[in-house]
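Residue strings, one per chain:
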Amino acid sequence: MKSLWNDDEARHYAGDLALRVYTSRLLGRDTTLVLHGGGNTSVKITEKNILGKDEDLLYVKGSGWDLETIEADGFSPVRLNHMLALAKLANLSDPQMVNEMVTHMTRASAPTPSVETILHATLPYKYVDHTHADAIVTLTNTEAGLNRVKKIYGQAVVIIPYIMPGFDLARLCAQEFTAQAHKDTLGMILMNHGIFSFGKTAQESYERMISLVTRAEQYLERKAAWSLPTPVTATISTSQRQDIAQLRRDISRVAGAPMIMCVDADQRSVDFARRADIATLSQQGPVTPDHVIRTKRLPMLGRDVDAYSAAYKDYFNAHAPLAKEPKTMLDAAPRVVLDAELGLCTVGRTAKDAAIAKDIYQHTIEIILRATALGGWQALPAKDIFDMEYWDLEQAKLRKGSKPPQFTGEIALVTGAASGIGKACVDALLERGAAVIGLDINPAITTLYKRQDFLGQVCDVTDETQLCAALENGARAFGGLDMLILNAGIFPASRRIEALSSTEWRKVMSINLDANMALLREAHPLLKCAPKGGRVVIIGSKNVPAPGPGAAAYSTSKAALNQLARVAALEWGKDNIRINSLHPNAVFDTALWSDDILQARAAHYGLSVEQYKRNNVLGVDVTSRDVAELAAEMCGPLFAKTTAAQVPVDGGNERVI
Ligand code: NAD
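Residues numbered from 1 in each chain as written. Predicted model: local features only at pLDDT ≥ 70, side-chain atom pairs only at ≥ 80, totals over all residues. Heavy atoms only, no water.

Here we come to the overall build of the chain. Scanning the chain for helices and strands turns up 24 helices and 18 strands. In the chain, which comprises 657 residues, the share counted as buried stands at 53%. Nonlocal contacts in the chain, meaning residues at least 24 apart in sequence, comprise 71% of its contacts between residues at least 6 apart. Taking the average place of the 71 positive charges on the side chains of the chain and the average place of its 74 negative ones, the gap between the two points comes to 2 Å. (Helix = DSSP H or I, 4+ residues; strand = E, 2+ residues; numbered from the N terminus. Buried < 20%, exposed > 50% of the residue type's maximum accessible area, 1.4 Å probe, protein only. Contact = heavy atoms within 4.5 Å. Lys, Arg positive; Asp, Glu negative; His and termini not counted. Charge placed at Lys NZ, Arg CZ, Asp CG, Glu CD.)

So, in structure tokens, the structure goes:
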């Protein structure tokens, strides 16, 4: 493991807290040390308070911050002496502990301090760094883990047996530190959990972390348990979207809400899922209890969600009655699935949650393989994992839980998503919590948004092979399809029938009509699996009820599309899929309308551009956002009982009315 410390970079961070930010980010950059919000760091600083008196503060990582991107504001200033006094109490419940931490901060807007705050306070060093280094959890999750740690580190570290994070762990660490530490102590190893390092400066504490973890890595290397063999090339079917959507439907049913599922058929995951001993290796528990909230205790093997759910209920019923406080059972659906055909599937309420579970489990696979190579992987007993999964603090979060946006856990696909109405639909759906797949022939679609819940794909909708590939990729990214917005379309230059070439006619038909027929056909089996029922919105046109001269191809294509939607509504009602159409008119903030065209059309009617834009019954400007908001609402509960509707969004058009 390499130190990432860089003197030139470090010079930009002046002061104790700034350097704390710098080395925290260095730790965060290495995913073999910390993953997604894992790990925490602190620095002790004396500051003058508002009365001019010196006050000793512990700046400790606040919850909700990732080390990789942390800022000074991500550290919560807690009164150090109060934390030290708390550490001497014989008992303190974890909710009481959090209350004490939050009520003894000196900045009201600071985040809730880490649950390991008291532990950081008791370590008598200015800087303290804590990670869940892969190499350490590999070593400590083996039968002879304790002996190995003693052999590698000798007297250099204090060793703490596994105990759940929270007040009891802080107290035990304080006692053991006093008993075991000496002037050459460099760190502290918490069995089955992670490692602490400390120092007088940010650099010293960080470099000690790197050197301690390197020792563990070198030990594993010597035992041929660090570098993993290259996985054998696994063969995977390229058409799995149907299986994926069915599995996601079953998982969502057991979870009681639509879930996002990310499918990762990388070679190592598939190899792992296909191992003969997978049932032994994967059915022990997570590598650190910190992961249980994201991954559940055990992954599901194969696709029998009901059997998994029954086993999860047994696990809850076996442990919940022994707990001091009453426990509310979490949903019994898996968050990680290992399937010989699909590989690694990870599940979350949002795309971000599913991606975090994926990162965690990919590391878990490596750690299990290494611990196995070392002589035998051995996770913590189920009871310890249960205590963490059903920790009072986690249960309190559940009770506080706010209502998520309406499309949370659902997946939408929008065609023609790089511009105009399509792009506005992407925005409206993302705002409502959906994960969105955007297709467009314009390569700008791939960089439209860089966020986990958006997948932009270049796709010419008239090419069925590309359409199928896009659906397959979408299913792998998010798990299926719930909402489909058929929007891509072109509006060719005005042409009377006598001048309309067959080539032009066919081009308009192929994009505005044929492509939509193919996409509906291919999407149907996925929409059928939508946990809340499938929804399709067609972006039609005012030209359906009121065609215009010079627009034969366009008006005909949209009218035929409208008829296709009506037939689909008739055929798919029994599959719980509803199809509704919007008929926009004169939506000027799109690429269909250039300034030149707008000026020419306005002049044609003897109007100014502004008058022309509002040339409708209500005298209003109709924007792509107006159309998109209605399209998104058509997918929501307002339209739950409506199918085959055609709704104008045109400010009122006399010919239509
Ligand atoms: P736009 O040109 O801004 O957006 C259309 C998008 O579709 C573009 O990003 C384009 O690259 C994409 N596209 C075109 N051909 C494609 C293909 N073969 N494969 C994939 N993507 C392709 O136009 P807009 O106004 O936002 O149009 C969206 C829809 O709204 C169209 O169906 C249009 O007929 C309809 N509509 C628009 C208006 C209006 O006044 N703007 C009025 C009524 C209906």
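What follows concerns helix α16 (residues 382-389). If you check which residues of α16 are buried, you get Ala-382, Ile-385, Phe-386, Met-388 and Glu-389. The arc enclosing the buried residues of α16, seen along the axis, measures out at 165°, which places them on a common side. Where α16 is buried, its residues meet α13 (292-295), α14 (305-319) and α17 (392-400). (Arc of directions from axis to C-beta.)

Further remarks concern the packing of helix α10 (residues 241-255) against α14. For the pair α10 and α14, the least separation of the axes is 10 Å and the interaxial angle reads 30°. Taken together, α10 and α14 sit at an angle that is classed as roughly parallel. Taken as a pair, α10 and α14 cross one another with a handedness that is right-handed. Contacts between α10 and α14 involve Leu-247, Asp-250, Ile-251, Arg-253 and Val-254 from the former and Val-305, Asp-306 and Ser-309 from the latter. Each residue belonging to the contact of α10 with α14 can be placed in one class, and the counts come to four nonpolar, one polar and three charged. (Axes fitted to C-alpha atoms, helices over the stretch in contact; angles between N-to-C directions. Parallel < 35°, antiparallel > 145°, perpendicular 65-115°, else oblique. Left-handed = near helix turned anticlockwise from the far one by under 90°. Nonpolar A, V, L, I, M, F, W, Y, C, P; charged D, E, K, R; others polar.)

The next point concerns the site of the ligand. The full set close to the ligand counts 24 residues, and Ser-419, Ile-421, Asp-440, Asn-487 and Tyr-554 are the nearest of them. Here an oxygen atom of the ligand and a side-chain polar atom of Trp-593 are 2.9 Å apart. Coverage of the ligand by the protein chains reaches 93% of its 820 Å² of free accessible surface. Among the elements of the structure, α18 (420-431) and α21 (552-572) are those that each provide at least two residues to the shell around the ligand. Grouping the amino acids of the shell around the ligand by side-chain chemistry returns 14 nonpolar, seven polar and three charged. (Near = heavy atom within 4 Å. Polar contact = N/O pair within 3.5 Å; in protein donor to acceptor, adjacent residues only side chain to side chain. Areas by Shrake-Rupley, 256 points an atom, 1.4 Å probe, with all protein chains shown as cover.)

Strand order in the open sheet formed by seven strands is β14-β13-β12-β15-β16-β17-β18, with parallel pairing between adjacent strands. The open sheet has two free edges, formed respectively by β14 (454-458) and β18 (646-649), since each of these has just one partner strand. Neighbouring strand axes in the sheet, compared pairwise and without regard to direction, differ in orientation by 15° on average. Here five bridges tie strand β13 (residues 435-440) to β14, and the two strands are oriented parallel to one another. Across the sheet, residue Val-436 finds its bridge partner in β14, namely Phe-454. (Pairing = 2+ DSSP bridges.)

Okay, the pattern of salt bridges next. One pass over the structure, following the stated rule, counts 39 salt bridges. Across the pair Asp-250 and Arg-249 runs a salt bridge, and its minimum N-O distance is 3.3 Å. Overall, the relative accessible area of 35% leaves Arg-249 in the partly exposed class. When salt bridges that share partners are traced, they join Arg-241, Glu-464, Glu-472, Arg-476, Arg-521 and Glu-522 into one network. (Salt bridge = Lys/Arg side-chain N within 4 Å of Asp/Glu carboxyl O.)

The subject of this paragraph is the sheet that holds strand β9 (residues 300-301). Strands belonging to one sheet form pairs held by backbone hydrogen bonds; the direction of such a pair is parallel or antiparallel. One open sheet holds the four strands; their spatial order is β8-β11-β10-β9, and the pairing between them is mixed. Among the strands making up the open sheet, the edge pair consists of β8 (260-264) and β9. By the bridge criterion, two bridges tie β9 to strand β10 (residues 336-339) in an arrangement that is parallel. Bridge pairing in β10 links Met-300 to Val-337. In the packing of α10 onto the sheet, contacts are made with β8, β9, β10 and β11 (343-348), and the angle to β8 comes to roughly 140°.

With their axes 9 Å apart at the nearest point, helix α2 (residues 16-29) and helix α9 (residues 202-222) run at an angle of 15° to one another. One finds that α2 runs roughly parallel with respect to α9. Where α2 crosses over α9, the two elements pack in a sense that is right-handed. Where α2 abuts α9, its residues Leu-19, Thr-23, Leu-26 and Leu-27 lie against Ala-202, Gln-203, Tyr-206 and Met-209. Per-class residue counts for the contact of α2 with α9 are six nonpolar, two polar and no charged.

Our focus in this paragraph is the domain arrangement of the chain. Segmentation of the chain into domains returns domain 1 (7-222), domain 2 (241-398) and domain 3 (411-589 + 622-649). Between the C-alpha centres of domain 2 and domain 3 the distance comes to 36 Å. Taken residue by residue, the interface counts 17 residues in domain 2 and 21 residues in domain 3. Counting each side, the surface lost to burial between domain 2 and domain 3 is near 1600 Å², with a carbon and sulfur contribution of 59%. Counting across the interface, domain 2 meets domain 3 through three salt bridges. One salt bridge connects Arg-241 with Glu-522, and the closest N-O pair in it is separated by 3.1 Å. One can count six residue pairs in polar contact (both at pLDDT 80 or more) joining domain 2 with domain 3. Of all the secondary-structure elements, those providing two or more residues to the side of domain 2 that touches domain 3 are α10, β8 and α15 (351-374). The leading source of residues in the side of domain 2 that touches domain 3 is α10, at eight residues. (Domains from an automatic or database assignment. Buried area = accessible area lost by both parts, 1.4 Å probe.)

Turning next to the environment of His-120. On the secondary structure map, His-120 appears in helix α5 (residues 117-122). Of the residues examined, His-120 reaches a relative accessible area of 0% and is grouped as buried. Considering only alpha carbons, one finds His-120 and His-130, ten residues apart in sequence, at a separation of 9.1 Å. Here Asn-40 takes part through its side chain, which lies 2.6 Å from a polar atom of the side chain of His-120.

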